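# Residue-level structure breakdown
Take a look at the letters that make up each chain.
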Amino acid sequence: MHFRFVGRSSLSPLFVGWLVAAALPAFAQEAAPSAETPTAAPQEERVGTLEEIIITGTKRDISQQEAPIAVSAISGDFLETTFSNDLRTVASLAPNVTLTNQTGFNAIAGGIRGTGSISILTTQDASVGITVDEFGLNHVQAQFVELFDIEQIEVFRGPQGTLFGKNSTGGAINITSKRPDLEAMGAKVEINYGGFKGGAAVRKVKAAFDIPLIEGVLGIRFAGVYDNAEGYYRNSKPASRFPNEIPLYALFGLPSVNPALPPELNVRNQGNGERLNEKSVFAGKAKLLFQPNDRYDALFIYEYVRDRSDSPPGVNETPGGEGFLFELLGFDGIQAAGHRNPFSTGVSQQGNGINIRDGHQVDVNGYYLNQQLGFDQFTIKSITGFRFQEETLPSTYTGEAFSSLFDASRNLERDQFQQEIRFISDFEGPVNFVAGGVYSFDNLDFRAISTVGLQGLLPVFNTTTGSFFDTRGFINLDLDYFSDPGVGNVHQDRTSYAFYGDGTWEVTDRFNLTAGVRYTSDKKEFEKHQNGGAGCTTFTESEDAVLVNPALPFSLANCLRDNRSNALSRAGLTGDQFDPRKDTLPDSAFGLNVDSQDTWNDITWRVAADFNLTEDVLIYGTVSAGYLSGGFSETCSTTLTCEPFFQETNTNYELGLKSDLLDNTLRVNLAWFWMAFKDLQRNQVVPFVNASGNQDQETITVNAGRSHSTGFEIETTWLPIPELELQLNLGYLSAKYDRFRFDPAPNNPLVGVTDFSSLDIPFAPKLNVGFNSTYRIELSQGSLGLNLSGHYQDHSETSPFDPNAAALGNVRHPTFSKMQSRFLLNSAVTFRDADERYHVSFYARNLLNEEYRATANSVAALWNFTQYGAPREWGIEIGMAIGE
């Protein structure tokens, strides 16, 4: 069999044509056998057939091909074959799944079937639920899962409000890790070395050890990974027009070319060329399995993660000619400045309590105990987990190496607990079901520290000189915005509980009905302390004071408020004395103090029917509902925008077909869906006027309206010969707003511009196509595996709207806020010895060195920053196994 790849544009038609040519005749043959051959002699079963896949995310173990739901199952062995490194690569293995990284963070953005957001807010819920060994990860920062020691990943598409509960309106991803081997001692070690285009090295070590302590009864498994890669970005972006030209100054009657900046301002605007974006993660699990008999087993897992990766750099892609503040300050985006290399960017590398050099530090300790007790006709299962996570995430968000335009450190402690009790029936009759209840809490303490240098570059009127110049003749600037960070904090305690049931009635041997319902209650207690504008103290500086009587000199008695009362200096501290684990200032130091709580309840459900046309062909229809909890915006800055937003709900209608054809060598699964959303949650960075009368920005979440999406999905696996396996997944999606209206807050530039229904929905590419081909060649000393895989994804938006463009009467997105379309081609060659005790692999990812924007974030009317996908990566892996 020969395949000829004739370019990117012809790749999708090639595989779609192959699917149609192969699947339709096969389906016709299986569904309608010839009447002339009903008693044909049975043939000997062919060697090399597709294996049955059992999924567990349905809470009842069931064959993938018998589940009336759109689900993709990906084995751990397959992930290793394709050298998939993290959860984002799942997007290339399942249709209509769009996952990328949060701009500026090692966290997940995107969604499934047109859901998802790019918000890093600690109080924001994700629209795709992720569970690891049945423990739910509630937040996008926690969802950046290092893929190692994986048994299987299941991707459920469409709302999963019944089986997974709240915050799964787009779908759910269920990850199962490998269990200890109770029978034999074994070990597996894999060592990887490679590099990116440009010379950055890649190093990874994975290891797993099984030790039966009591044969067949008690065993322990240790598994871990150390993942280290040098950064493929460099801190080398050439300076833009700043400081030689600052166009904004002309609006103040100041010289915009060669302005007289004060000598105390460090105007250096280019880094030293050092590498950025280094990855350094160690993750490990210790698992203890106790199975004294056939009825009871208990699995205890201890999870340990230490992430010391670099702060992810951003790229300044602020569009020119649209009035963004960065352009007016002389910090042009790379296109406007004539720069060609997006991997040449800028990071400030400042300390001052925002220690960029220390990178993003994430510590996780998790303790999980899963138990099940079986009886003749039912099983009781208990899932218990505690997870503790600490984050210190300093970042330069601007793509500029200037001392600080906007630098911040997001620091958090999050404690999660989950307890679920589940009853699973195994009756001999036609009805079986699962029922259970779950209680959880998720408590977080969040502290931010930031320097907003872009405000420090705005001229300040000097009352002594009666102008925007100081007494020395330099432009009068408030340099405290560079040297004296501001702080704020958020505390939220969430408690949730739910009860659910889901069952199937075998009406006939060929027809089944499935129904489920879930009640969820979600309570959040929210505290927010932010902004200046509180009362004056002995640390208040005269230039920041608003006087009771302006005719009198500054004094505490004559001080009405302190515009920078939330500055670290108001505690008598410098940035280097900031403790990210403590609230530095009292509540009275903040201009905004919010203490609120609210509760959201919802009933979600699903109804499904499936019918076996033949023994190997099943059709199904389902209607299901999802629920995304309401909440509070972590970054709200006014009492109005700190009000809670409502829950989001959706309903999904789906028709599907699942089939195993051609003597179980061809698997074709199809799904069509129509999904409607109500009370859409949308978040965006928007400007507001702070207590001192200056322009500021905040990220808020609002309920913006309704939308719908429709599409279809194809998944197929074909074994034309036992040595060759071909896989294809294709997703088509059409997502549109039915109503998208934004009710602006006071001082918001969107006043009078409220209808955004014509905009595109974020993370909703029209087309995505993935393929994988693996060919195995048997040799006298072992086998040789050849793997070629690729994935095409259309462009898509990342933000709900751009407020700067909206203020100008143009609600379209700027070009640079989009994820670019891309085609990624990967390959690998693997030799395994005859006993499969060792293997050697050579691999390449992004073989064509595609350059593409992977994520983008437009920050109000200030700037637009982005990140690019990794360039070509190559490597060699050597693996050894003993007793595996």
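Details of the structure are given in the entry above.
Source: prediction; values computed, not measured. Residue indices begin from 1 for each chain and proceed along its sequence in written order. Restriction of local features to residues with pLDDT of at least 70 applies here, the model being predicted, together with a cutoff of 80 or more for giving and counting side-chain atom pairs; totals for whole chains, interfaces and linings are based on all residues. The basis for every side-chain value is the complete set of heavy atoms in the structure, and neither hydrogens nor water enter the calculation.

Here the focus is the overall build of the chain. Broken down by element type, the chain carries six helices and 43 strands. Each residue is placed in one exposure class: buried if its accessible area under a 1.4 Å probe, protein chains only, is under 20% of its type's maximum, exposed if it is over 50%, and partly exposed if it falls in between. A burial count over the chain gives 58% of its 884 residues as buried. Here the open area of atoms and residues is found with the Shrake-Rupley method and a 1.4 Å probe, where only the protein chains shown may cover a residue. Surface accessibility of the chain: about 34,900 Å² in total, with carbon and sulfur atoms responsible for 55%. Helix and strand definitions here come from DSSP, where helices need a minimum of 4 consecutive H or I residues and strands a minimum of 2 consecutive E residues; each element is numbered from the N-terminal end.

Here, the term disulfide refers to a pair of cysteine sulfur atoms separated by no more than 2.5 Å. Tallied over the entire structure, the rule returns two disulfides. Covalent S-S linkage joins C536 and C559, the inter-sulfur distance amounting to 1.8 Å. Disulfide C536-C559: the torsion about the S-S bond is -60°, which places it as left-handed. With a gap of 23 residues between them, C536 in the loop between β24 (511-530) and β25 (545-547) and C559 in strand β26 (residues 559-562) connect regions that are remote in the sequence. For C559, a relative accessible area of 10% gives the class buried. One disulfide in the model links C636 with C642; its S-S distance is 1.9 Å. On the S-S bond that ties C636 to C642, the torsion sits near 95°, and the link is right-handed.

What follows concerns the environment of F196. Mapped onto the fold, F196 is located in strand β10 (residues 186-196). Sequence spacing of F196 and A229 is 33 residues, and the spatial spacing of their C-alpha atoms is 8.9 Å. Any two residues whose heavy atoms approach within 4.5 Å at even a single point are treated as in contact. Beyond its immediate stretch of four places on either side in the chain, F196 contacts V202, A229, E230, Y232, A870, P871, R872 and E873.

Turning next to the pairing of strand β11 (residues 201-214). If DSSP finds at least two bridges between two strands, the strands pair. Here ten bridges tie β10 to β11, and the two strands are oriented antiparallel to one another. Counted as the bridge partner of N192 is K204 from β11. What sits between the antiparallel neighbours β10 and β11 is a turn of four residues, in which G198 has the positive phi angle 110°. Bridging between β11 and strand β12 (residues 218-229) involves twelve bridges; their strand directions are antiparallel. Each residue of the ladder has a partner; that of R203, found in β12, is N228. As consecutive antiparallel partners, β11 and β12 are separated by three residues, and within that stretch G216 has a phi angle of approximately 80°, a positive value.

This part takes up a negative patch on the surface. Where like charges cluster on the molecular surface, the negative patch consists of D493, E525, D587 and D595. Assignment of secondary structure puts D587 in the loop between β26 and β27 (592-614). The partly exposed category is assigned to D587, whose relative accessible area is 41%. Residues form patches when they are more than 30% accessible in relative terms and have no salt bridge. Like charges link within 9 Å. Nonpolar side chains (Val, Leu, Ile, Met, Phe, Trp, Tyr) link within 5 Å. Salt bridge, as used here: a side-chain nitrogen of Lys or Arg that lies within 4 Å of a carboxyl oxygen of Asp or Glu. In this tally, Lys and Arg are treated as positive and Asp and Glu as negative; His is ignored, and so are the chain termini. Each charge is placed at NZ for Lys, CZ for Arg, CG for Asp and CD for Glu.

For Phe, Tyr and Trp, where Trp contributes only its six-membered ring, two rings pair if their centres lie within 6.5 Å, and the inter-plane angle classes them as stacked under 30 degrees, edge-to-face over 60, or tilted in between. Evaluated as defined, the whole model comprises 41 aromatic pairs. Ring plane angle 0° and centroid distance 4.7 Å describe the contact between F526 and F632, whose orientation is recorded as stacked. Linking F526 in strand β24 with F632 in the loop between β28 (617-628) and β29 (648-661), this pair joins segments that are 106 residues apart in sequence. As far as the burial class goes, F526 and F632 line up, both buried. Through pairs of rings, three or more aromatic residues link up here, namely F105, F242, F326, F331, Y397, F402, F406, F482, W863 and F865. Geometrically, a charge over a ring is one whose NZ (Lys) or CZ (Arg) sits within 6 Å of the ring centre while staying within 35 degrees of the ring normal. Just above the ring of F164 sits the side chain of K59; from NZ or CZ to the centre is 4.7 Å. When the ring centre of F673 is taken as origin, the NZ or CZ atom of R113, which lies over that ring, is 4.0 Å away.

Another point: the side chain of N669. Locating N669 in the fold gives a position in strand β30 (residues 666-678). Two N or O atoms form a polar contact when they lie within 3.5 Å of each other; inside protein one atom must be a possible hydrogen donor and the other a possible acceptor, and for residues adjacent in sequence the pair counts only when both atoms belong to side chains. Engagement of the side chain of N669 in a polar contact is seen with the side chain of Q65, the distance being 2.9 Å. Here the side chain of N669 touches S659 through a polar contact of 3.5 Å, landing on its backbone nitrogen. In this structure, N669 is in contact with Q64, Q65, L657, K658, S659, E713, I714 and E715, ignoring residues within four places of it in sequence.

The next subject is the sheet that holds strand β3 (residues 71-75). Strand order in this open sheet of five strands is β3-β8-β9-β6-β7, and the pairing throughout is mixed. Two strands close off the open sheet at either side, each with one partner strand: β3 and β7 (135-137). With strand direction ignored, the average angle separating the axes of adjacent strands in the sheet is 20°. Examined bridge by bridge, strand β8 (residues 150-157) and strand β9 (residues 171-177) share seven bridges and lie antiparallel to one another. Across the sheet, residue F156 finds its bridge partner in β9, namely A172. As a rule, the C-alpha atoms of each element are fitted with a line to give its axis, helices using only the stretch in contact, and angles between N-to-C directions run from 0 to 180 degrees.

This part is about unusual backbone geometry. P243 follows F242 through a cis peptide bond whose omega is 0°. Mapped onto the fold, P243 is located in the loop between β13 (233-235) and β14 (275-276). One non-glycine residue, E836, adopts positive backbone phi at about 55°. Along the polypeptide, E836 turns up in the loop between β39 (822-833) and β40 (838-845). Judged by relative accessible area, E836 falls into the partly exposed class, the value being 44%. Positive phi values are uncommon outside glycine, yet N849 reaches one of about 55°. Topologically, N849 is positioned in the loop between β40 and β41 (853-859).

So, on to the pairing of strand β4 (residues 97-101). Most of β4 is tucked away: five of the five residues are buried. Side-chain alternation along β4 places V97, L99 and N101 on one buried face and T98 and T100 on a second face that is also buried. One ladder, built from five bridges, connects β4 with strand β5 (residues 108-112); its direction is antiparallel. Across the sheet, residue T98 finds its bridge partner in β5, namely G111. Between β4 and β5, which pair antiparallel and follow one another directly, the connecting turn spans six residues, one of which, G104, has a positive phi of 90°.

Here we take up the sheet that holds strand β18 (residues 344-345). Spatial ordering of the open sheet is given by β14-β13-β18, a layout of three strands whose pairing is mixed. The open sheet terminates on both sides in strands that have one partner only, identified here as β14 and β18.

Within the secondary structure layout, E391 lies in strand β20 (residues 378-396). No salt bridge is formed by the buried E391, whose closest oppositely charged neighbour, R414, lies at an N-O distance of 5.3 Å. Setting aside residues up to four positions removed in sequence, E391 forms contacts with Q141, Q361, V362, R410, N411, L412 and R581.

Fair warning: the whole summary comes from geometry, so function is off the table for now.
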